[in-house]
Amino acid sequence: MDTPAQASPPARSALAGLANALPPHVWFCVSAVFHYLGPAFAVLLFDEVGVLGMAWLRIATAALIFAPLTRPWRVFASANRSDRLLLLAFGVCLAVMNCSFYLALARLPISLVASIEFVGTIGVALVGLRSRRNFGALAIAVTGTLLLIDVKWSSDPVGLFWAFLNGALFIGYIVIGHRIARTGLGIAGLGTAMVIAFLVVLPIGFREALPAFSAPQLLIAAVGVGVCSSVIPYICDQLAMARLPRASFALMLSLLPLTATLIGALVLRQIPSLTDCLGIALVVFGVAAHKPNAATD
């Protein structure tokens with residue numbers, strides 16, 4: 001993904017040096033760990049600041065970190081009308097996606113939420129490349145998701161609603177994010193969208209987040225979750241995507257449901273059953289088996 005067009009030459013050199021310091025697969029693995037490590041710890045804070053309060057703190061932390069680095073007010077002001085609409089759509093998508101993600105985590109195991117989320121990546125591939133291989137991959141992944149859902153559909157349809165909404169928005173995140181990258185905005189566009197997301201979620205989660213401001217340890221923990229959830233993974237993704245072909249990056253997304261299961265077991269003591277393991281394996285195989293459009297590499 002492109003670095004921000006507004007960045008200075010020293011900033012671009014520093015980013016390139018950091019990207020080349022380690023193999024891109026290492027950056028992706030770091031991102032894969034933190035992608036669900038932050039949310040796993042966030043679940044432990046739900047009783048203190050509420051689900052939407054935690055989502056607000058996550059987005060606010062990322063916005064405050066990205067703002068001085070990307071200067072979103074300048075990016076938005078200098079963008080044309082089409083790019084502004086993209087940035088607005090990206091920001092709204094990030095806000096609602098994060099909220100629905102946490103609302104799902106409050107009710108469902110993290111491995112189930114992750115599997116539902118990444119089935120959408122195959123759907124994105126099917127739009128660009130209608131092949132028997134991709135249809136087969138989608139069928140395998142859907143079968144795995146159904147195994148994971150099992151009786152949970154009847155026991156908690158609300159949790160499943162939020163999980164599927166998050167999955168749908170994740171598709172939007174991929175599509176809009178790719179278009180943002182093609183404009184050349186890169187990280188600057190991401191930072192601008194994060195500030196827009198903060199404005200969207202401000203009236204939704206601020207009230208629930210208030211207890212954190214009167215408890216320093218709780219606030220520090222919440223900020224740590226924000227850094228682990230929305231800062232480190234995004235930066236590592238940028239460093240990995242700078243050197244990995246899009247097809248390779250999409251293929252490696254198949255590791256994320258597995259990562260979510262391991263973190264859920266270690267942090268939240270959500271031990272998967274044999275049926276869950278089979279479902280997760282099918283989702284991982286399905287996502288890995290799909291073939292991205294060669295034109296996106």
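Note that the structure is predicted; figures quoted are calculated from it, not measured.

**Considering the overall build of the chain**
1) Next: What the chain contains, in helices and strands, is 15 helices and zero strands.
2) Next: Residues counted as buried form 50% of the 297 residues belonging to the chain.
3) Next: Summarising the internal contacts of the chain: among those between residues at least 6 apart in sequence, 86% fall at separations of at least 24.
4) Next: Just so you have it, the chain exposes about 13500 Å², and 69% of that area is on carbon and sulfur atoms.

**Let's talk about the packing of aromatic side chains**
1) Next: Scanning all chains against the criterion turns up nine aromatic pairs.
2) Next: Between the aromatic rings of W56 and F213, the centroid separation amounts to 6.1 Å while the plane-to-plane angle is 65°, which identifies the pairing as edge-to-face. One end of the pair, W56, is in helix 4 (residues 51–70); the other, F213, is in helix 11 (residues 186–213), with 157 residues separating them in the sequence.
3) Next: Classification of W56 by relative accessible area gives buried; the value is 6%.
4) Next: Accessibility expressed as a relative area gives 45% for F213, which makes it partly exposed.

**Things to note about the pattern of salt bridges**
1) Next: Here the structure, examined in full by the defined rule, presents one salt bridge.
2) Next: D156 serves as the salt-bridge partner of R107, at 3.2 Å between the closest nitrogen and oxygen. Within this pair, whereas R107 is found in the loop between helix 6 (81–105) and helix 7 (110–128), its partner D156 is found in the loop between helix 9 (152–155) and helix 10 (157–182), the two being separated by 49 residues in sequence.

Rules behind the numbers
- Residues numbered from 1 in each chain as written.
- Predicted model: local features only at pLDDT ≥ 70, side-chain atom pairs only at ≥ 80, totals over all residues.
- Heavy atoms only, no water.
- Helix = DSSP H or I, 4+ residues; strand = E, 2+ residues; numbered from the N terminus.
- Buried < 20%, exposed > 50% of the residue type's maximum accessible area, 1.4 Å probe, protein only.
- Contact = heavy atoms within 4.5 Å.
- Areas by Shrake-Rupley, 256 points an atom, 1.4 Å probe, with all protein chains shown as cover.
- Phe/Tyr/Trp six-rings, centres within 6.5 Å; stacked < 30°, edge-to-face > 60°.
- Salt bridge = Lys/Arg side-chain N within 4 Å of Asp/Glu carboxyl O.

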